[in-house]
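Breakdown of the fold
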Amino acid sequence: MASNFGAPRTLVEQSTVFTYFEYSDNELVSIGVPRGTVRVALGYSNDVADIIKDLEQALSHVLSRAGDSVAS
């Protein structure tokens, strides 16, 4: 299921694509993992400040794209 426990690198994945791909929408909701859920596994070799900077950059990009969708 999670191949990176204890791994040195940080991983960000869409859980319903990589971990729960065989589950139906109803099954996902029943286990509390709705479509679009993002899993962040922090690696022990990454600098915390770098991780925060990367997440801020990614979220800023996503939010700017969401604004594009709302405007369309």
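Anyway, here's the lowdown on the structure attached to this text. Predicted, not measured: the structure shown is a model, and the values here were computed from it. (Residues numbered from 1 in each chain as written. Predicted model: local features only at pLDDT ≥ 70, side-chain atom pairs only at ≥ 80, totals over all residues. Heavy atoms only, no water.)

What follows is about the overall build of the protein. A tally of regular secondary structure across the protein gives 3 helices and 2 strands. Secondary structure elements of the protein, listed N to C terminal, follow the sequence β-α-α-β-α. Put simply, the protein has 72 residues, and 15% of those count as buried. Across the protein, the fraction of contacts at a sequence separation of at least 24, relative to all contacts at a separation of at least 6, is 56%. As displayed, the protein has an accessible area near 5,700 Å², and 57% of this comes from carbon and sulfur atoms. (Helix = DSSP H or I, 4+ residues; strand = E, 2+ residues; numbered from the N terminus. Buried < 20%, exposed > 50% of the residue type's maximum accessible area, 1.4 Å probe, protein only. Contact = heavy atoms within 4.5 Å. Areas by Shrake-Rupley, 256 points an atom, 1.4 Å probe, with all protein chains shown as cover.)

A few words now on the pattern of salt bridges. Applying the stated criterion across every chain yields a total of 2 salt bridges. Note that Arg-39 and Glu-13 form a salt bridge whose closest N and O atoms lie 3.7 Å from each other. Note that Arg-39 is positioned in strand S2 (residues 38-41) and Glu-13 in strand S1 (residues 11-14), a separation of 26 residues in sequence. For Glu-13, a relative accessible area of 12% corresponds to the buried category. Across the pair Arg-35 and Asp-25 runs a salt bridge whose closest N-O atoms are separated by 2.5 Å. You can see Arg-35 sitting in the loop between helix H2 (25-30) and S2 and its partner Asp-25 sitting in helix H2, a full 10 residues away along the chain. (Salt bridge = Lys/Arg side-chain N within 4 Å of Asp/Glu carboxyl O.)

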